[in-house]
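Results of the structural survey
Each chain is listed here by its residues.
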Amino acid sequence: MKKLTEIFRRPTSLVFADQLIFSGSNFLLTFLLARKLNISDFGLFSSVLLVTYLLVGICNAIIVQPFQILAAKEFTKKSLGFVFQGSVILILIFSTLMFAAKFLPVFAIPFFKNNLPAIIIFASAYVFQDFLRKVLLTIDRIQLVLCIDSIFLLAFPLIWFENNLNLRKSLLIIAIVNAIASLPGIWYCLKNAEFNLKNASLFHYHVTEGKWLLSASIVQWFSSNFFTLVAGIYLGVNALGALRLVQSFFGVINVILQTVENYYLPKTAQLHYQDKKEEKKSLLFSMSKGMIVLGILIIGFFIFSEPLITLLGGEQYQQYGFVIKLVSVLYIVILYSYPTRLSIRVLEQNKAFFTGYCISFVFSLLSFHFLLKYGALYGAVTGLVINQILMIVYWKILLNRKQISVWA
């Protein structure tokens, strides 16, 4: 019994347990909203979530990702205080910009204007909770992350028992639960961080390292979501809702990959800078086994695509079963690219990271009209697959040319 308790207390076991809760809650929340909301409202909810992902990406680029590498080199309470302050300021800027946007003609649409307060609250709570999770994972406070993700489960009974659920109520419920779930992380940061207005060196580091990451984050968002957004215009809100339902379902896989990046990236960087080659090889072997398991799972999604889409969204989505097959192919390509992606990040090849997404986005701009006009949803997902392949090829060529690798 004692040995079993020790196993469950290991960091890897805690990370796995947290991943089950976080991935499972994301999957079930998508499943629940797809059934409780009509297909049009679910498409609009997906649009809000896409924009929120952009804000998360910006926060990651400026605040979280430089901190992940800095903490691997040398963690200080001052750096924790700096990123906490920076995240709060950034969220206030996001909120101000969203409020100001309603006065622009392009955003003068009933959906945006009528739901603006809920959208701002939702996006702010989502970004801040995501920031706390990633920072706490970086500094090995896994039990706190587990607590945060467990508290988020409160969203399910609140949504399930809401008889007249609509888009606005969905946004507010998720926002409030995210805010409550963030409290343990806020408490830890306030208790353990050192807050100081004189942070010139940290500010300079985040600007220097974050400028390429920020550019890459924005281009990455457009590259990853451009076909999805344009699909809504070309093919209608229903097609957008179906595509986002499938993408959200595969978000379970994406969340696992994000955990690899948020937890194992600092570990890999630490081992790399300490020149521990055997430990790095062991880490790569463990990741490879995990990728094979995920690959087998994705093949299962491909085979049972039609009953799976009906189970997820109901009969109204039955005609979109083929989208699961297409997105399965996309995620196999993404799995293959992950060791290369980690090499680029750990070696701080941030300019190359940005350039890879630029190449991908340029392809999107040049090809979207042809692919969507003649391929519809087939064309949209094909474009996403080609985007990933272009990035992998560019990053591999660059690493080979410079003869550098984390895994060598």
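Residues numbered from 1 in each chain as written. Predicted model: local features only at pLDDT ≥ 70, side-chain atom pairs only at ≥ 80, totals over all residues. Heavy atoms only, no water.

**A word on the nonpolar core**
We apply this condition: Among buried residues, those of type Ala, Val, Leu, Ile, Met, Phe, Trp, Tyr and Cys that are joined through side-chain atoms within 4.5 Å constitute a nonpolar core. For every residue, the accessible area (1.4 Å probe, protein chains only) is compared with the maximum for its type, and the residue is labelled buried under 20%, exposed over 50%, or partly exposed between those bounds. Put simply, DSSP H or I for four residues or longer makes a helix, DSSP E for two residues or longer makes a strand, and each gets a number counted from the N terminus. Pairs of residues are marked as contacts when any of their non-hydrogen atoms sit within 4.5 Å.
Ranked by size, the top nonpolar core spans 132 residues in total, and within it Leu33, Phe45, Leu80, Phe122, Phe131 and Phe250 carry the most contacts. Tallying contributions element by element places helix H3 (residues 39-73) first for this core, with 19 residues. Those residues in contact with leucine 33 that lie beyond four places of it in its chain are Phe42, Phe45, Ile159, Leu165, Ser170 and Ile174.

**Overview of the packing of aromatic side chains**
Counted only if it meets this: Between 30 and 60 degrees the pair is tilted, below 30 it is stacked and above 60 it is edge-to-face, where a pair is any two Phe, Tyr or Trp rings, Trp via its six-membered ring, whose centres lie within 6.5 Å. The rule for a charge over a ring is simple: NZ of Lys or CZ of Arg within 6 Å of the ring centre, and within 35 degrees of the ring normal.
Taken as a whole and judged by the stated rule, the model has eleven aromatic pairs. Plain terms: the ring middles of phenylalanine 322 and tyrosine 378 are 4.7 Å apart, the flat faces sit at 15 degrees to each other, and that makes the pair stacked. Of the two residues, phenylalanine 322 sits in helix H15 (residues 321-346) while tyrosine 378 sits in helix H16 (residues 350-402), which places them 56 residues apart along the sequence. For phenylalanine 322, a relative accessible area of 23% corresponds to the partly exposed category. In this structure tyrosine 378 comes out as partly exposed when scored by relative accessible area, which is 46%. Here a set of aromatic residues connected by ring pairs shows up, and it is made of Phe45, Tyr53, Phe122 and Tyr126. The positively charged end of lysine 325 is found above the aromatic ring belonging to phenylalanine 302, 4.6 Å away from the centroid.

**With respect to the environment of leucine 384**
The residue leucine 384 is located in helix H16 in this model. In this structure, the C-alpha to C-alpha distance between leucine 384 and phenylalanine 226, residues 158 residues apart in sequence, is 8.9 Å.

**A closer look at the environment of leucine 229**
With respect to the element layout, leucine 229 can be found in helix H11 (residues 200-235). By relative accessible area, leucine 229 is classed as partly exposed at 30%. When the C-alpha atoms of leucine 229 and alanine 239 are compared, they prove to be 11 Å apart, with ten residues separating the residues in sequence. Among all residues touching leucine 229, those that are not within four sequence positions of it are Leu50 and Trp221.

**Topic: the pattern of salt bridges**
A side chain with one charge can pair with a side chain of the opposite charge if their charged atoms come near. Definition in use: Should a side-chain nitrogen of Lys or Arg be within 4 Å of a carboxyl oxygen of Asp or Glu, the pair is scored as a salt bridge.
Going through the model one piece at a time under the given rule, you end up with three salt bridges. For arginine 133, the salt bridge identified is with aspartate 149, shortest N-O distance 2.9 Å. Of the two residues, arginine 133 is situated in helix H6 (residues 116-138) and aspartate 149 in helix H7 (residues 142-151); the sequence distance between them amounts to 16 residues. Judged by its relative accessible area of 1%, aspartate 149 falls in the buried class. A salt bridge links glutamate 162 to lysine 169, with the nearest nitrogen and oxygen atoms 3.2 Å apart.

**Focus on the state of the cysteines**
Worth spelling out the cut-off: The criterion for a disulfide is a pair of cysteine sulfur atoms lying within 2.5 Å.
Evaluation of the coordinates by the stated rule reveals zero disulfides. Unpaired in this structure, cysteine 59 has its nearest cysteine sulfur neighbour in cysteine 189, at a distance of 12 Å. Taking relative accessible area as the criterion, cysteine 59 reaches 2% and is therefore assigned buried.

**Details of a nonpolar patch on the surface**
Our working definition: Excluding any residue in a salt bridge, patches collect residues exceeding 30% relative accessible area, merging like charges within 9 Å and nonpolar Val, Leu, Ile, Met, Phe, Trp and Tyr side chains within 5 Å. Using a 1.4 Å probe, the Shrake-Rupley method yields the accessible areas, and only the shown protein chains count as cover for residues.
Nonpolar side chains collect at one region of the surface, where Ile299, Phe302, Ile303, Phe304, Val329 and Ile332 lie side by side and expose about 560 Å² of accessible area between them. Those elements giving two or more residues to the nonpolar patch turn out to be helix H13 (277-303) and H15. Note that isoleucine 303 resides in helix H13.

**Digging into H13**
One turn of the α-helix equals 3.6 residues, which is why residues spaced by three or four share an orientation. Cut-off, in case you're wondering: For a helix, the expected span equals 1.5 Å multiplied by the residue count minus one.
In this model, H13 (27 residues) spans 39 Å end to end at C-alpha, consistent with the 39 Å of a helix rising 1.5 Å per residue. Within the sequence span of H13, burial applies to Lys280, Leu283, Met287, Met291, Leu294, Gly295, Ile298 and Phe301.

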